[in-house]
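Each chain, written out:
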Amino acid sequence: MERILAQAPDFFTPGNVGLLLEAAGLTLAMTVVGCGIGFALAFVLVYLRQTPGLWALPLRLICIAYVEVFRRIPFLVVIYLVLFFIQTVSTDASLFTIAVIAICLYAVAYTADIIRGGIESVPQTQVEAARAMNLGRLQTMIHVVLPQAWPVIVPPAIAFAVSFIKDTALVSQIGVFELTFRGKELNNQGFSGILVFGTIAMCYFILSFPLSLLGQYLENRLATPRGQRRARKLRRA
Amino acid sequence: MPHLAVSGVHANYGALEVLHGISFDVDRGGIVSLVGPSGSGKSTVLRTLVGLTRATRGTVEIDGDVIDYRSARAIRAARDRMAIVFQQYNLFQNMTVLRNCTLAPVKIKRRPRSEVEAEARDLLALVGLADKADAYPDELSGGQQQRVAIARALALRPDILLLDEVTSALDPELVGEVLDTIRRLSDEGMTMLLVSHEMGFVREVSNAVVFMDAGRVVETGSPAQIFDAPRSDRARDFFGKVLRH
Ligand SMILES: Nc1ncnc2c1ncn2[C@@H]1O[C@H](COP(=O)(O)OP(=O)(O)O)[C@@H](O)[C@H]1O
Ligand SMILES: [Mg+2]
(Lines give C-alpha, C1' and ligand atoms only; values in the text may rest on other atoms or scores of the structure.)
(Ligands and ions follow the chains in the order given, each with its own letter.)
Protein backbone atom coordinates (compact mmCIF):
# COMPACT_ATOMS: atom_id res chain seq x y z
CA MET A 1 0.00 0.00 0.00
CA GLU A 2 2.81 2.38 0.92
CA ARG A 3 4.53 1.48 -2.30
CA ILE A 4 1.39 2.36 -4.22
CA LEU A 5 1.08 5.73 -2.51
CA ALA A 6 4.76 6.41 -3.06
CA GLN A 7 4.46 5.59 -6.76
CA ALA A 8 1.32 7.59 -7.34
CA PRO A 9 2.97 10.95 -8.05
CA ASP A 10 5.32 9.31 -10.56
CA PHE A 11 2.47 7.36 -12.10
CA PHE A 12 -0.02 10.16 -12.58
CA THR A 13 2.31 12.31 -14.66
CA PRO A 14 0.79 14.32 -17.49
CA GLY A 15 2.53 11.97 -19.90
CA ASN A 16 1.03 8.80 -18.44
CA VAL A 17 -2.41 10.32 -17.95
CA GLY A 18 -2.29 11.48 -21.56
CA LEU A 19 -1.40 7.97 -22.66
CA LEU A 20 -4.28 6.54 -20.68
CA LEU A 21 -6.74 9.11 -22.00
CA GLU A 22 -5.65 8.37 -25.54
CA ALA A 23 -5.99 4.65 -24.86
CA ALA A 24 -9.47 5.16 -23.38
CA GLY A 25 -10.43 7.16 -26.45
CA LEU A 26 -9.17 4.35 -28.65
CA THR A 27 -11.14 1.77 -26.69
CA LEU A 28 -14.29 3.84 -26.96
CA ALA A 29 -13.74 4.56 -30.66
CA MET A 30 -13.18 0.88 -31.48
CA THR A 31 -16.34 -0.10 -29.64
CA VAL A 32 -18.55 2.63 -31.03
CA VAL A 33 -17.34 2.32 -34.63
CA GLY A 34 -17.20 -1.48 -34.59
CA CYS A 35 -20.56 -1.99 -32.90
CA GLY A 36 -22.16 0.84 -34.90
CA ILE A 37 -21.15 -0.60 -38.26
CA GLY A 38 -21.85 -4.09 -36.99
CA PHE A 39 -25.33 -3.05 -35.92
CA ALA A 40 -26.08 -1.53 -39.33
CA LEU A 41 -24.76 -4.61 -41.14
CA ALA A 42 -26.79 -6.84 -38.84
CA PHE A 43 -29.92 -5.13 -40.16
CA VAL A 44 -28.85 -5.94 -43.69
CA LEU A 45 -28.15 -9.53 -42.69
CA VAL A 46 -31.51 -9.97 -41.00
CA TYR A 47 -33.28 -8.43 -43.98
CA LEU A 48 -31.47 -10.68 -46.46
CA ARG A 49 -32.19 -13.66 -44.26
CA GLN A 50 -35.90 -12.99 -44.71
CA THR A 51 -35.73 -12.94 -48.51
CA PRO A 52 -38.56 -15.18 -49.70
CA GLY A 53 -38.38 -17.64 -52.55
CA LEU A 54 -36.45 -20.76 -53.44
CA TRP A 55 -33.77 -18.89 -55.36
CA ALA A 56 -32.78 -17.10 -52.14
CA LEU A 57 -32.27 -20.31 -50.19
CA PRO A 58 -28.44 -20.20 -50.43
CA LEU A 59 -28.54 -16.57 -49.29
CA ARG A 60 -30.66 -17.47 -46.29
CA LEU A 61 -28.38 -20.38 -45.43
CA ILE A 62 -25.28 -18.17 -45.60
CA CYS A 63 -26.88 -15.64 -43.26
CA ILE A 64 -27.89 -18.33 -40.79
CA ALA A 65 -24.48 -20.00 -40.97
CA TYR A 66 -22.70 -16.70 -40.39
CA VAL A 67 -24.57 -16.02 -37.17
CA GLU A 68 -24.29 -19.58 -35.90
CA VAL A 69 -20.56 -19.84 -36.66
CA PHE A 70 -19.48 -16.48 -35.26
CA ARG A 71 -21.45 -16.95 -32.09
CA ARG A 72 -19.49 -20.10 -31.41
CA ILE A 73 -15.98 -18.71 -31.90
CA PRO A 74 -14.14 -16.93 -29.05
CA PHE A 75 -13.62 -13.27 -29.82
CA LEU A 76 -9.86 -13.67 -29.48
CA VAL A 77 -9.87 -16.22 -32.28
CA VAL A 78 -11.86 -13.84 -34.47
CA ILE A 79 -9.24 -11.18 -33.83
CA TYR A 80 -6.39 -13.46 -34.92
CA LEU A 81 -8.32 -14.69 -37.94
CA VAL A 82 -8.93 -11.11 -39.07
CA LEU A 83 -5.33 -10.15 -38.34
CA PHE A 84 -3.85 -12.98 -40.41
CA PHE A 85 -6.43 -12.75 -43.14
CA ILE A 86 -5.97 -9.00 -43.57
CA GLN A 87 -2.21 -9.35 -43.50
CA THR A 88 -2.29 -11.77 -46.42
CA VAL A 89 -4.24 -9.32 -48.58
CA SER A 90 -2.73 -6.02 -47.43
CA THR A 91 0.38 -5.17 -45.49
CA ASP A 92 -0.46 -1.61 -44.56
CA ALA A 93 -3.77 -2.05 -42.74
CA SER A 94 -3.49 -0.47 -39.29
CA LEU A 95 -4.03 -2.54 -36.18
CA PHE A 96 -6.91 -0.22 -35.32
CA THR A 97 -8.62 -1.09 -38.60
CA ILE A 98 -8.09 -4.75 -37.96
CA ALA A 99 -9.52 -4.44 -34.46
CA VAL A 100 -12.57 -2.55 -35.73
CA ILE A 101 -13.20 -5.17 -38.42
CA ALA A 102 -12.98 -7.96 -35.85
CA ILE A 103 -15.37 -6.16 -33.50
CA CYS A 104 -17.67 -5.51 -36.39
CA LEU A 105 -17.79 -9.14 -37.53
CA TYR A 106 -18.51 -10.25 -34.01
CA ALA A 107 -21.10 -7.56 -33.33
CA VAL A 108 -23.00 -8.47 -36.51
CA ALA A 109 -23.51 -12.03 -35.30
CA TYR A 110 -24.66 -11.01 -31.85
CA THR A 111 -26.88 -8.06 -32.74
CA ALA A 112 -28.49 -9.92 -35.67
CA ASP A 113 -30.35 -12.12 -33.22
CA ILE A 114 -31.37 -9.10 -31.17
CA ILE A 115 -32.73 -7.41 -34.28
CA ARG A 116 -34.47 -10.54 -35.49
CA GLY A 117 -36.15 -10.90 -32.10
CA GLY A 118 -37.34 -7.30 -32.29
CA ILE A 119 -38.72 -7.73 -35.79
CA GLU A 120 -40.47 -10.95 -34.87
CA SER A 121 -42.11 -9.22 -31.91
CA VAL A 122 -44.17 -7.11 -34.34
CA PRO A 123 -47.41 -8.96 -35.13
CA GLN A 124 -47.53 -10.52 -38.59
CA THR A 125 -50.92 -8.85 -39.10
CA GLN A 126 -49.15 -5.47 -39.26
CA VAL A 127 -47.02 -6.78 -42.09
CA GLU A 128 -50.02 -8.22 -43.89
CA ALA A 129 -51.90 -4.94 -43.67
CA ALA A 130 -48.91 -3.17 -45.20
CA ARG A 131 -48.40 -5.74 -47.94
CA ALA A 132 -52.11 -5.71 -48.79
CA MET A 133 -51.79 -2.01 -49.58
CA ASN A 134 -48.81 -2.69 -51.81
CA LEU A 135 -45.99 -1.57 -49.57
CA GLY A 136 -42.91 -3.53 -50.61
CA ARG A 137 -40.88 -5.66 -48.25
CA LEU A 138 -38.36 -2.89 -47.57
CA GLN A 139 -41.00 -0.18 -47.22
CA THR A 140 -42.96 -2.35 -44.81
CA MET A 141 -39.79 -2.86 -42.80
CA ILE A 142 -38.92 0.84 -42.70
CA HIS A 143 -42.34 2.39 -42.15
CA VAL A 144 -44.20 -0.24 -40.16
CA VAL A 145 -42.01 -2.95 -38.63
CA LEU A 146 -38.83 -1.22 -37.46
CA PRO A 147 -40.55 1.70 -35.71
CA GLN A 148 -42.45 -0.87 -33.66
CA ALA A 149 -39.42 -3.09 -33.17
CA TRP A 150 -37.08 -0.35 -31.82
CA PRO A 151 -38.25 -0.60 -28.23
CA VAL A 152 -37.40 -4.29 -28.27
CA ILE A 153 -34.10 -3.88 -30.13
CA VAL A 154 -32.43 -0.84 -28.60
CA PRO A 155 -32.02 -1.81 -24.92
CA PRO A 156 -30.29 -5.17 -25.50
CA ALA A 157 -28.25 -3.71 -28.37
CA ILE A 158 -26.86 -1.01 -26.10
CA ALA A 159 -26.32 -3.53 -23.34
CA PHE A 160 -24.30 -5.57 -25.83
CA ALA A 161 -22.15 -2.56 -26.80
CA VAL A 162 -21.60 -1.67 -23.15
CA SER A 163 -20.47 -5.13 -22.24
CA PHE A 164 -18.35 -5.21 -25.36
CA ILE A 165 -16.31 -2.24 -24.16
CA LYS A 166 -14.57 -4.59 -21.77
CA ASP A 167 -14.19 -7.38 -24.29
CA THR A 168 -12.22 -5.02 -26.52
CA ALA A 169 -9.39 -5.57 -24.01
CA LEU A 170 -8.65 -8.70 -26.00
CA VAL A 171 -7.39 -6.69 -28.96
CA SER A 172 -4.40 -5.68 -26.82
CA GLN A 173 -3.20 -9.17 -27.72
CA ILE A 174 -2.41 -8.00 -31.24
CA GLY A 175 -0.82 -4.77 -30.00
CA VAL A 176 -3.48 -2.11 -30.38
CA PHE A 177 -2.62 0.68 -27.94
CA GLU A 178 -5.90 0.50 -26.09
CA LEU A 179 -6.37 0.61 -22.32
CA THR A 180 -5.29 -2.87 -21.34
CA PHE A 181 -2.25 -2.71 -23.62
CA ARG A 182 -1.11 0.53 -21.98
CA GLY A 183 -1.75 -1.03 -18.60
CA LYS A 184 0.58 -3.91 -19.33
CA GLU A 185 3.19 -1.48 -20.63
CA LEU A 186 3.10 0.70 -17.51
CA ASN A 187 3.17 -2.40 -15.33
CA ASN A 188 6.29 -3.54 -17.13
CA GLN A 189 7.88 -0.16 -16.42
CA GLY A 190 7.79 -1.14 -12.74
CA PHE A 191 4.61 0.51 -11.54
CA SER A 192 2.55 -1.47 -9.08
CA GLY A 193 0.11 -3.79 -10.83
CA ILE A 194 -2.59 -2.82 -8.37
CA LEU A 195 -2.08 0.87 -9.05
CA VAL A 196 -1.95 0.44 -12.80
CA PHE A 197 -4.79 -1.99 -13.26
CA GLY A 198 -6.90 -0.31 -10.58
CA THR A 199 -6.64 2.86 -12.67
CA ILE A 200 -7.39 0.93 -15.86
CA ALA A 201 -10.44 -0.63 -14.19
CA MET A 202 -11.68 2.85 -13.27
CA CYS A 203 -11.23 3.92 -16.87
CA TYR A 204 -13.39 1.04 -18.13
CA PHE A 205 -16.02 1.90 -15.58
CA ILE A 206 -16.01 5.58 -16.55
CA LEU A 207 -16.33 4.63 -20.21
CA SER A 208 -19.20 2.22 -19.85
CA PHE A 209 -21.25 3.77 -17.07
CA PRO A 210 -22.59 6.74 -19.06
CA LEU A 211 -23.44 4.36 -21.90
CA SER A 212 -25.44 2.19 -19.50
CA LEU A 213 -27.30 5.28 -18.37
CA LEU A 214 -28.01 6.18 -21.98
CA GLY A 215 -29.31 2.66 -22.48
CA GLN A 216 -31.63 2.94 -19.50
CA TYR A 217 -32.85 6.31 -20.64
CA LEU A 218 -33.64 5.01 -24.11
CA GLU A 219 -35.26 1.92 -22.67
CA ASN A 220 -37.65 4.05 -20.64
CA ARG A 221 -38.30 6.36 -23.54
CA LEU A 222 -38.96 3.57 -25.99
CA ALA A 223 -40.63 1.16 -23.62
CA THR A 224 -44.09 1.53 -25.14
CA PRO A 225 -45.57 3.31 -28.13
CA ARG A 226 -47.38 5.36 -25.53
CA GLY A 227 -44.04 6.23 -23.91
CA GLN A 228 -42.64 7.32 -27.25
CA ARG A 229 -45.67 9.43 -27.76
CA ARG A 230 -45.48 11.00 -24.33
CA ALA A 231 -41.89 11.91 -25.04
CA ARG A 232 -42.92 13.53 -28.30
CA LYS A 233 -45.70 15.44 -26.63
CA LEU A 234 -43.42 16.66 -23.86
CA ARG A 235 -40.97 17.89 -26.41
CA ARG A 236 -43.71 19.69 -28.29
CA ALA A 237 -45.05 21.32 -25.14
CA MET B 1 -69.28 -9.61 -67.54
CA PRO B 2 -68.93 -9.65 -63.72
CA HIS B 3 -66.54 -7.13 -62.20
CA LEU B 4 -65.03 -9.79 -59.94
CA ALA B 5 -65.34 -13.47 -60.79
CA VAL B 6 -64.08 -16.14 -58.42
CA SER B 7 -64.18 -19.68 -59.71
CA GLY B 8 -63.12 -22.95 -58.19
CA VAL B 9 -60.68 -21.41 -55.72
CA HIS B 10 -58.87 -23.75 -53.35
CA ALA B 11 -56.54 -22.54 -50.62
CA ASN B 12 -54.42 -24.10 -47.89
CA TYR B 13 -52.89 -23.12 -44.60
CA GLY B 14 -49.80 -25.29 -44.58
CA ALA B 15 -50.90 -28.76 -45.54
CA LEU B 16 -54.51 -28.16 -44.51
CA GLU B 17 -56.91 -27.24 -47.31
CA VAL B 18 -59.50 -24.78 -46.00
CA LEU B 19 -61.15 -23.66 -49.25
CA HIS B 20 -62.41 -26.51 -51.43
CA GLY B 21 -63.48 -24.78 -54.62
CA ILE B 22 -65.15 -21.42 -54.02
CA SER B 23 -67.07 -19.73 -56.84
CA PHE B 24 -69.15 -16.56 -56.99
CA ASP B 25 -69.41 -13.33 -58.99
CA VAL B 26 -69.68 -9.69 -58.00
CA ASP B 27 -71.11 -7.20 -60.49
CA ARG B 28 -69.77 -3.70 -60.84
CA GLY B 29 -71.33 -1.50 -58.20
CA GLY B 30 -72.86 -4.55 -56.55
CA ILE B 31 -72.65 -5.80 -53.00
CA VAL B 32 -72.17 -9.48 -52.35
CA SER B 33 -72.17 -10.82 -48.80
CA LEU B 34 -70.38 -13.92 -47.59
CA VAL B 35 -72.19 -15.48 -44.66
CA GLY B 36 -71.72 -18.71 -42.78
CA PRO B 37 -70.52 -20.18 -39.52
CA SER B 38 -67.20 -19.09 -38.14
CA GLY B 39 -64.33 -21.15 -39.50
CA SER B 40 -66.14 -21.69 -42.79
CA GLY B 41 -63.41 -19.82 -44.70
CA LYS B 42 -64.93 -16.37 -45.29
CA SER B 43 -61.83 -14.45 -44.18
CA THR B 44 -59.64 -16.79 -46.17
CA VAL B 45 -61.59 -15.94 -49.33
CA LEU B 46 -60.84 -12.24 -48.83
CA ARG B 47 -57.19 -12.97 -48.01
CA THR B 48 -56.87 -15.06 -51.15
CA LEU B 49 -58.27 -12.28 -53.31
CA VAL B 50 -55.52 -9.86 -52.21
CA GLY B 51 -52.83 -12.52 -52.38
CA LEU B 52 -52.13 -12.87 -48.67
CA THR B 53 -53.09 -16.54 -48.85
CA ARG B 54 -52.10 -18.38 -52.00
CA ALA B 55 -54.84 -20.01 -54.04
CA THR B 56 -53.67 -23.49 -54.95
CA ARG B 57 -56.28 -23.95 -57.69
CA GLY B 58 -58.97 -21.94 -59.40
CA THR B 59 -59.05 -18.45 -60.87
CA VAL B 60 -59.91 -14.92 -59.87
CA GLU B 61 -60.81 -12.48 -62.64
CA ILE B 62 -61.28 -8.74 -62.54
CA ASP B 63 -63.19 -7.45 -65.58
CA GLY B 64 -62.40 -10.71 -67.34
CA ASP B 65 -58.64 -10.61 -66.75
CA VAL B 66 -57.30 -13.55 -64.76
CA ILE B 67 -55.03 -12.56 -61.88
CA ASP B 68 -51.87 -14.63 -61.94
CA TYR B 69 -51.01 -14.84 -58.25
CA ARG B 70 -47.62 -16.38 -59.06
CA SER B 71 -46.51 -13.06 -60.47
CA ALA B 72 -45.55 -10.32 -58.01
CA ARG B 73 -46.54 -7.71 -60.56
CA ALA B 74 -50.01 -9.20 -61.00
CA ILE B 75 -50.49 -9.29 -57.23
CA ARG B 76 -49.52 -5.62 -57.05
CA ALA B 77 -52.01 -4.81 -59.80
CA ALA B 78 -54.74 -6.74 -57.97
CA ARG B 79 -53.96 -4.95 -54.70
CA ASP B 80 -54.18 -1.67 -56.57
CA ARG B 81 -57.80 -2.42 -57.32
CA MET B 82 -58.97 -4.21 -54.17
CA ALA B 83 -58.62 -2.84 -50.65
CA ILE B 84 -59.24 -5.03 -47.64
CA VAL B 85 -60.52 -4.03 -44.19
CA PHE B 86 -59.43 -6.67 -41.71
CA GLN B 87 -61.58 -8.10 -38.99
CA GLN B 88 -58.98 -6.97 -36.45
CA TYR B 89 -58.46 -3.58 -38.22
CA ASN B 90 -54.65 -3.99 -38.21
CA LEU B 91 -54.01 -0.26 -38.03
CA PHE B 92 -50.34 0.64 -37.91
CA GLN B 93 -49.73 1.22 -34.22
CA ASN B 94 -46.72 3.45 -34.73
CA MET B 95 -48.44 6.21 -36.66
CA THR B 96 -51.34 8.58 -36.30
CA VAL B 97 -54.73 7.94 -37.79
CA LEU B 98 -54.01 10.44 -40.55
CA ARG B 99 -50.70 8.86 -41.47
CA ASN B 100 -52.32 5.42 -41.47
CA CYS B 101 -54.55 6.78 -44.21
CA THR B 102 -51.90 8.62 -46.19
CA LEU B 103 -48.94 6.23 -46.02
CA ALA B 104 -49.71 4.09 -49.06
CA PRO B 105 -51.24 6.82 -51.26
CA VAL B 106 -48.16 9.00 -50.70
CA LYS B 107 -45.43 6.34 -50.72
CA ILE B 108 -46.89 3.89 -53.21
CA LYS B 109 -49.21 5.83 -55.47
CA ARG B 110 -46.88 8.84 -55.26
CA ARG B 111 -49.68 11.34 -55.02
CA PRO B 112 -48.94 14.78 -53.55
CA ARG B 113 -49.08 14.73 -49.77
CA SER B 114 -51.26 17.83 -49.41
CA GLU B 115 -53.88 16.42 -51.75
CA VAL B 116 -53.82 13.02 -50.07
CA GLU B 117 -54.10 14.56 -46.61
CA ALA B 118 -57.07 16.69 -47.59
CA GLU B 119 -58.79 13.64 -49.04
CA ALA B 120 -57.96 11.54 -45.97
CA ARG B 121 -59.48 14.19 -43.70
CA ASP B 122 -62.63 14.10 -45.80
CA LEU B 123 -62.75 10.32 -45.48
CA LEU B 124 -62.26 10.53 -41.72
CA ALA B 125 -65.14 12.99 -41.61
CA LEU B 126 -67.19 10.54 -43.65
CA VAL B 127 -66.70 7.87 -40.97
CA GLY B 128 -67.32 10.41 -38.21
CA LEU B 129 -63.76 10.75 -36.96
CA ALA B 130 -62.68 14.13 -38.25
CA ASP B 131 -61.35 15.08 -34.81
CA LYS B 132 -59.21 11.95 -34.42
CA ALA B 133 -56.77 12.56 -37.27
CA ASP B 134 -53.84 13.10 -34.91
CA ALA B 135 -54.71 10.34 -32.45
CA TYR B 136 -52.84 7.04 -32.32
CA PRO B 137 -54.72 3.77 -32.83
CA ASP B 138 -54.29 2.65 -29.23
CA GLU B 139 -56.02 5.82 -28.07
CA LEU B 140 -59.19 4.82 -29.93
CA SER B 141 -61.98 2.39 -29.12
CA GLY B 142 -62.42 -0.72 -31.23
CA GLY B 143 -65.27 0.84 -33.13
CA GLN B 144 -63.26 3.96 -33.89
CA GLN B 145 -60.32 1.89 -35.09
CA GLN B 146 -62.65 -0.08 -37.30
CA ARG B 147 -63.89 3.09 -38.94
CA VAL B 148 -60.34 4.36 -39.39
CA ALA B 149 -59.57 1.08 -41.12
CA ILE B 150 -62.45 1.74 -43.52
CA ALA B 151 -61.21 5.28 -44.19
CA ARG B 152 -57.68 3.93 -44.74
CA ALA B 153 -58.97 1.42 -47.28
CA LEU B 154 -61.00 4.09 -49.08
CA ALA B 155 -57.95 6.37 -49.23
CA LEU B 156 -56.45 3.78 -51.58
CA ARG B 157 -59.28 4.54 -54.03
CA PRO B 158 -60.09 0.90 -54.67
CA ASP B 159 -62.51 -0.41 -57.29
CA ILE B 160 -63.56 -3.15 -54.94
CA LEU B 161 -63.76 -2.95 -51.17
CA LEU B 162 -63.39 -6.14 -49.13
CA LEU B 163 -64.88 -5.80 -45.65
CA ASP B 164 -64.31 -8.52 -43.06
CA GLU B 165 -66.87 -8.46 -40.24
CA VAL B 166 -66.54 -4.73 -39.86
CA THR B 167 -69.28 -4.53 -37.29
CA SER B 168 -68.39 -7.48 -35.09
CA ALA B 169 -66.25 -5.45 -32.69
CA LEU B 170 -68.59 -2.48 -32.45
CA ASP B 171 -70.91 -1.25 -29.74
CA PRO B 172 -74.52 -1.49 -30.87
CA GLU B 173 -74.88 2.26 -31.37
CA LEU B 174 -71.76 2.35 -33.53
CA VAL B 175 -72.92 -0.52 -35.70
CA GLY B 176 -75.47 1.88 -37.12
CA GLU B 177 -72.78 4.43 -37.99
CA VAL B 178 -70.60 1.94 -39.80
CA LEU B 179 -73.53 0.47 -41.63
CA ASP B 180 -74.56 3.99 -42.67
CA THR B 181 -71.08 4.47 -44.08
CA ILE B 182 -71.33 1.25 -46.05
CA ARG B 183 -74.78 2.18 -47.28
CA ARG B 184 -73.47 5.56 -48.45
CA LEU B 185 -70.59 3.88 -50.28
CA SER B 186 -73.01 1.54 -51.96
CA ASP B 187 -75.13 4.50 -53.06
CA GLU B 188 -72.01 5.97 -54.61
CA GLY B 189 -71.58 2.79 -56.61
CA MET B 190 -68.64 1.17 -54.81
CA THR B 191 -68.33 -2.55 -55.48
CA MET B 192 -68.18 -4.44 -52.20
CA LEU B 193 -67.59 -7.93 -50.94
CA LEU B 194 -68.82 -8.13 -47.41
CA VAL B 195 -68.38 -10.69 -44.65
CA SER B 196 -70.98 -10.03 -42.00
CA HIS B 197 -73.10 -11.51 -39.27
CA GLU B 198 -75.54 -8.60 -39.34
CA MET B 199 -78.21 -10.50 -41.17
CA GLY B 200 -80.66 -7.63 -41.20
CA PHE B 201 -78.08 -5.39 -42.79
CA VAL B 202 -76.88 -8.05 -45.21
CA ARG B 203 -80.43 -8.52 -46.33
CA GLU B 204 -80.93 -4.81 -46.83
CA VAL B 205 -77.81 -3.92 -48.80
CA SER B 206 -76.76 -7.08 -50.64
CA ASN B 207 -77.51 -7.88 -54.24
CA ALA B 208 -76.52 -11.46 -53.62
CA VAL B 209 -75.67 -13.61 -50.62
CA VAL B 210 -73.18 -16.46 -50.67
CA PHE B 211 -73.68 -18.99 -47.89
CA MET B 212 -70.49 -20.85 -47.03
CA ASP B 213 -69.84 -23.82 -44.83
CA ALA B 214 -66.63 -25.78 -44.20
CA GLY B 215 -64.74 -24.23 -47.09
CA ARG B 216 -67.49 -24.66 -49.68
CA VAL B 217 -70.22 -22.50 -51.13
CA VAL B 218 -73.44 -24.19 -50.14
CA GLU B 219 -75.90 -21.76 -51.70
CA THR B 220 -75.91 -18.50 -53.60
CA GLY B 221 -78.94 -16.35 -54.23
CA SER B 222 -80.77 -13.13 -53.58
CA PRO B 223 -81.10 -12.15 -49.91
CA ALA B 224 -84.79 -12.99 -49.89
CA GLN B 225 -84.19 -16.38 -51.39
CA ILE B 226 -81.31 -17.30 -49.08
CA PHE B 227 -82.89 -16.03 -45.88
CA ASP B 228 -86.54 -16.88 -46.49
CA ALA B 229 -86.33 -20.00 -48.58
CA PRO B 230 -82.95 -21.65 -48.15
CA ARG B 231 -82.74 -24.85 -50.18
CA SER B 232 -80.06 -26.60 -48.15
CA ASP B 233 -80.58 -28.07 -44.70
CA ARG B 234 -77.26 -26.56 -43.66
CA ALA B 235 -78.40 -23.02 -44.47
CA ARG B 236 -81.82 -23.55 -42.97
CA ASP B 237 -80.19 -24.80 -39.79
CA PHE B 238 -77.70 -21.89 -39.65
CA PHE B 239 -80.19 -19.12 -40.31
CA GLY B 240 -82.62 -20.74 -37.94
CA LYS B 241 -80.03 -20.27 -35.21
CA VAL B 242 -78.72 -16.85 -36.25
CA LEU B 243 -81.99 -15.14 -37.02
CA ARG B 244 -83.70 -16.36 -33.90
CA HIS B 245 -81.56 -14.21 -31.60
N1 LIG C 1 -53.31 -18.72 -40.13
C2 LIG C 1 -54.00 -19.89 -40.12
N3 LIG C 1 -53.33 -21.06 -40.01
C4 LIG C 1 -54.00 -22.24 -40.02
N5 LIG C 1 -55.31 -22.37 -40.14
C6 LIG C 1 -56.04 -21.25 -40.25
C7 LIG C 1 -55.41 -19.95 -40.25
N8 LIG C 1 -56.38 -19.02 -40.38
C9 LIG C 1 -57.54 -19.70 -40.45
N10 LIG C 1 -57.34 -21.03 -40.38
C11 LIG C 1 -58.38 -22.07 -40.48
O12 LIG C 1 -59.00 -21.95 -41.74
C13 LIG C 1 -60.38 -22.13 -41.62
C14 LIG C 1 -61.12 -20.96 -42.20
O15 LIG C 1 -60.84 -19.82 -41.41
P16 LIG C 1 -61.42 -18.38 -41.72
O17 LIG C 1 -61.24 -18.09 -43.17
O18 LIG C 1 -60.82 -17.45 -40.76
O19 LIG C 1 -62.98 -18.59 -41.41
P20 LIG C 1 -64.10 -17.50 -41.13
O21 LIG C 1 -63.57 -16.17 -41.52
O22 LIG C 1 -65.23 -17.93 -41.95
O23 LIG C 1 -64.41 -17.58 -39.68
C24 LIG C 1 -60.68 -22.37 -40.16
O25 LIG C 1 -60.82 -23.75 -39.96
C26 LIG C 1 -59.47 -21.86 -39.45
O27 LIG C 1 -59.25 -22.58 -38.29
MG1 LIG D 1 -63.22 -14.47 -40.27
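Read on for an overview of the structure. Fair warning: this is a prediction, and the values are worked out from it, not measured in the lab. (Residues numbered from 1 in each chain as written. Chains lettered and ligands numbered in written order. Predicted model: local features only at pLDDT ≥ 70, side-chain atom pairs only at ≥ 80, totals over all residues. Heavy atoms only, no water.)

Things to note about the overall build of chain A
Counting its secondary structure elements, chain A contains ten helices and zero strands. From first element to last, N terminus to C terminus, chain A shows the α and β order α-α-α-α-α-α-α-α-α-α. Expressed along its principal axes, the backbone C-alpha trace of chain A runs to roughly 75 × 55 × 25 Å. Split into buried and exposed, the 237 residues of chain A put 46% on the buried side. Within chain A, counting contacts between residues at least 6 apart in sequence, those at least 24 apart form 74% of the total. Working note: accessible area of chain A is about 12200 Å², and carbon and sulfur atoms make up 70% of it. In chain A, which carries 19 positive and 12 negative side-chain charges, the distance between the mean positions of the two groups comes to 17 Å. (Helix = DSSP H or I, 4+ residues; strand = E, 2+ residues; numbered from the N terminus. Buried < 20%, exposed > 50% of the residue type's maximum accessible area, 1.4 Å probe, protein only. Contact = heavy atoms within 4.5 Å. Areas by Shrake-Rupley, 256 points an atom, 1.4 Å probe, with all protein chains shown as cover. Lys, Arg positive; Asp, Glu negative; His and termini not counted. Charge placed at Lys NZ, Arg CZ, Asp CG, Glu CD.)

Some remarks on the coordination of the magnesium ion (ligand 2)
Around the magnesium ion (ligand 2), the donor atoms from the protein are S43(B) (OG) and Q87(B) (OE1), and they sit 2.0 to 2.8 Å away. Of the two residues, S43(B) sits in helix 1 (residues 42-49) while Q87(B) sits in the loop between strand 6 (82-85) and helix 3 (97-107), which places them 44 residues apart along the sequence. (Donors = N, O, S within 2.8 Å, 3.2 Å for Na, K, Ca; no water.)

Re the interface of chain B and chain A
Across the contact, 23 residues belong to chain B and 19 residues belong to chain A. Summed over both partners, the interface of chain B with chain A buries about 2000 Å², with 54% contributed by carbon and sulfur atoms. Contact with chain A buries surface across chain B, with R79(B), F92(B) and N94(B) losing the most and accounting together for 25% of the total. At the junction of chain B with chain A, the criterion picks out one salt bridge. With its nearest N and O atoms 2.8 Å apart, the salt bridge here joins E128(A) to R47(B). Joining chain B to chain A, the criterion identifies eight residue pairs in polar contact (both at pLDDT 80 or more). (Buried area = accessible area lost by both parts, 1.4 Å probe. Salt bridge = Lys/Arg side-chain N within 4 Å of Asp/Glu carboxyl O. Polar contact = N/O pair within 3.5 Å; in protein donor to acceptor, adjacent residues only side chain to side chain.)

Digging into the pattern of salt bridges
Residues and elements named next belong to chain B. Scanning all chains against the criterion turns up 23 salt bridges over all chains. Ionic pairing is found between R70 and D68, a salt bridge with its closest N-O pair at 3.1 Å. Its relative accessible area of 31% is what places D68 among the partly exposed residues. Of the charged contacts in the structure, one is a salt bridge between R234 and D237, with a shortest N-O distance of 3.7 Å.

Looking at the packing of aromatic side chains
Here a ring pair, both rings aromatic, is described through the centre-centre distance and the interplanar angle of the planes. All names here are of chain A. Scanning the entire structure with this criterion turns up 18 aromatic pairs over all chains. Residues F75 and F164 carry aromatic rings whose centres are separated by 5.0 Å and whose planes lie at 65° to one another, so their mutual orientation is edge-to-face. On the criterion of sequence distance, the pair formed by F75 in helix 4 (residues 75-89) and F164 in helix 7 (residues 137-167) is long-range, its members being 89 residues apart. You can call F164 buried: its relative accessible area is 1%. With a centroid separation of 5.7 Å and 15° between ring planes, the pair formed by Y110 and F160 is classed as stacked. In this pair, Y110 is assigned in helix 5 (residues 95-120) and F160 in helix 7, connecting sequence segments 50 residues apart. The partly exposed category is assigned to Y110, whose relative accessible area is 24%. (Phe/Tyr/Trp six-rings, centres within 6.5 Å; stacked < 30°, edge-to-face > 60°.)

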